[in-house]
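Residue strings, one per chain:
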Amino acid sequence: MGKIYDTIIIGAGPAGLAAGIYAGRARLSTLIIEKGQDGGQIATTSDIENYPGQLPEGETGTSLVMRMAQQCSQFGCERAYDWVQQIEPDGSVKKVVGANAVYEGKTVIIASGAYPRPIGCEGEAEFRGRGVSYCATCDANFFRGLEVFVVGGGDAAVEEAVFLTRFARSVTVIHRRNELRAARSIQEKAFANEKLHFLWDSVVTSLAGDGVLQKITVKNVKTGEETVLEAEEKDGMFGLFGFIGTVPNTEVFAGTGIETDENGYILTDEEMRTSVPGVFAAGDVRRKSLRQVITAAADGAVAAVQAEKYLS
């Protein structure tokens, strides 16, 4: 029989690492399982400006996460690099089945995160962080005074487009239909904004540029006509924000009794407790109104404290 941990944390993003810090500091035997690079989405962020206590001279997602991981190590957290295939959450000892091994713990904290639904155009991955973004709250300030485009037509897309007008010179919403899907009150606010424009019946097909995003090719879905949008020479680049939804990493938890909403996000109470006793969820993987590093870290801290109370 292998080691039975007090808590197993699935995911080493800000939520998982914060949970590890609090669990380790509480002297819980803790295992953090991560399938790839620490940090999740934040690992791809080149500049962070809004995390309290960050390095004043500048902070990257990688540097912030590295310090979080070091803290986990200092508090005795063990690490496993494995791809979780399924979990068996019932009973006093829960099993986490990975591709390489089976891990056992008295509690489990799910911090597997979510990822932005891609726009689905050629060149998207190449220009991510170089003009392409999926978070206005995170990156709007980097496009101050520039021309910005937003893909989407739902509540989130239109609300974020309105937010971006505080920073960008102009914002154009690219939508595949000839009307928005956002709530009427949100639409009214958008149509009243002089800096906000709309490109209807259109989809983005490809992106191009010399190191940064400088060209966007859009296609009219009704006529098939393609148009190339080019950044002004004085700007040197423009921004493209995708807001067509996020996808939670919850596929492996299907059928376990852990309740999710219609979009797959795990349902928790304010103490991060899921519908299964001894199983908690933190960060972007759970249903919540704001997905930021600071809220993920807070979720992780709450989850670890509640896991300790559950064990007591």
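Quick note: structure is the one above.
An account of the accompanying structure is given in this report.

What counts, and where the lines are drawn
- Residues numbered from 1 in each chain as written.
- Predicted model: local features only at pLDDT ≥ 70, side-chain atom pairs only at ≥ 80, totals over all residues.
- Heavy atoms only, no water.
- Helix = DSSP H or I, 4+ residues; strand = E, 2+ residues; numbered from the N terminus.
- Buried < 20%, exposed > 50% of the residue type's maximum accessible area, 1.4 Å probe, protein only.
- Contact = heavy atoms within 4.5 Å.
- Areas by Shrake-Rupley, 256 points an atom, 1.4 Å probe, with all protein chains shown as cover.
- Pairing = 2+ DSSP bridges.
- Axes fitted to C-alpha atoms, helices over the stretch in contact; angles between N-to-C directions.
- Arc of directions from axis to C-beta.
- Parallel < 35°, antiparallel > 145°, perpendicular 65-115°, else oblique.
- Left-handed = near helix turned anticlockwise from the far one by under 90°.
- Core = buried A, V, L, I, M, F, W, Y, C linked by side-chain atoms within 4.5 Å.
- Expected span 1.5 Å × (residues − 1).
- Phe/Tyr/Trp six-rings, centres within 6.5 Å; stacked < 30°, edge-to-face > 60°.
- Lys NZ or Arg CZ within 6 Å of the ring centre and 35° of its normal.
- Disulfide = S-S within 2.5 Å.

Turning next to the overall build of the protein chain. Each helix and strand counted, the protein chain has 6 helices and 17 strands in total. C-alpha atoms of the protein chain, sized along the principal axes, occupy 65 × 40 × 35 Å. Within the protein chain, the fraction of its 312 residues that count as buried is 51%. Taking the intrachain contacts of the protein chain between residues at least 6 apart in sequence as the baseline, contacts between residues at least 24 apart amount to 59%. About 15,100 Å² of surface is accessible on the protein chain, with carbon and sulfur atoms providing 48% of the total.

Here the focus is the sheet that holds strand β11 (residues 196-199). Across the sheet, 5 strands lie side by side as β8-β15-β9-β10-β11; this open sheet has parallel pairing. Bordering the open sheet on either side are β8 (132-133) and β11, each of which pairs with just one other strand. Inspection of the sheet shows strand β9 (residues 147-151) paired to strand β10 (residues 170-174) by 5 bridges, in the parallel sense. Within β10, the residue paired with Glu147 across the bridge is Ser170. Together, β9, β10, β11 and β15 (239-242) form the strand contacts of helix α4 (residues 155-164), whose direction differs from that of β9 by roughly 170 degrees.

Moving on to the sheet that holds strand β13 (residues 215-220). With respect to topology, 3 strands assemble into an open sheet ordered β12-β13-β14, the strand pairing being antiparallel. For this open sheet the edge positions go to β12 (202-208) and β14 (226-230), each flanked by a neighbour on one side alone. With direction set aside, neighbouring strand axes in the sheet form an average angle of 25 degrees. With 6 bridges connecting them, β12 and β13 associate as antiparallel partners. Opposite Leu207, over in β13, you have Ile216 as the bridge partner.

Once that is clear, we can look at α4. Turning to α4, its buried residues are Ala157, Val158, Ala161, Val162 and Leu164. Projected down its long axis, α4 shows its buried positions confined to an angular sector of 160 degrees, all on one face. Elements that come into contact with the buried residues of α4 comprise α3 (136-139), β9, β10, α5 (184-191), β11 and β15.

Now for the packing of α4 against α5. Direction vectors running N to C along α4 and α5 enclose 30 degrees, while the axes themselves pass 10 Å from each other. The pairing of α4 with α5 is recorded here as roughly parallel in orientation. Relative to α5, the crossing made by α4 is left-handed. When α4 is examined against α5, the residues Asp155, Val158, Glu159 and Val162 are found in contact with a partner set consisting of Ile186, Lys189 and Ala190.

Residues Leu17, Ile32, Tyr51, Leu64, Cys72, Ile109 and Ala303 are the most contacted members of the largest nonpolar core, which totals 29 residues. Residue assignment for this core shows that the elements contributing at least two residues are α1 (14-25), α2 (61-74) and α6 (293-311). Excluding its chain neighbours within four sequence positions, the residues that come into contact with Leu64 are Ile42, Ile48, Tyr51, Glu59 and Val293. Formed by 23 residues, the second largest nonpolar core is a distinct cluster that contains Val158, Phe167, Leu180 and Leu196.

Turning to α2, a few remarks are in order. Taking 1.5 Å of rise per residue, 14 residues should cover 20 Å, and α2 covers 20 Å from first to last C-alpha, within 8% of that figure. Regarding α2, the residues found buried are Gly61, Ser63, Leu64, Val65, Met68, Ala69 and Cys72. Summarising the contacts, the buried residues of α2 are in contact with α1, β2 (30-34), β3 (78-81) and α6. Of the residues trailing α2, Gly76 is marked for its positive phi of about 85 degrees.

Turning our eyes to something else, we now look at the packing of aromatic side chains. Going through the model one piece at a time under the given rule, you end up with 7 aromatic pairs. Consider the rings of Phe149 and Phe238, whose centres lie 5.3 Å apart with planes at 80 degrees: the pair is edge-to-face. Here Phe149 is found in strand β9, whereas its partner Phe238 is found in the loop between β14 and β15, with 89 residues between them in sequence. Taken as a pair, Phe149 and Phe238 share a single burial class, namely buried. Note on Phe241 and Phe243: the rings are 6.0 Å apart at their centroids and 15 degrees apart in plane angle, and the pair reads as stacked. Accessibility classification places Phe241 together with Phe243 in one group, the buried group. Linked through ring pairs, Phe143, Phe241 and Phe243 together constitute an aromatic cluster. Between the NZ or CZ atom of Arg291 and the centre of the ring of Tyr265, over which it lies, the distance is 4.1 Å.

Turning next to the state of the cysteines. Inspection of the entire model under this criterion finds 1 disulfide. Note that Cys135 is cross-linked by a disulfide to Cys138, the S-S spacing being 2.2 Å. Measuring the twist about the S-S bond at about 70 degrees, one finds the Cys135-Cys138 disulfide to be right-handed. The thiol sulfur of Cys72 is not disulfide-bonded, and the nearest other cysteine sulfur, from Cys77, lies at 4.5 Å. We classify Cys72 as buried; its relative accessible area is 1%.

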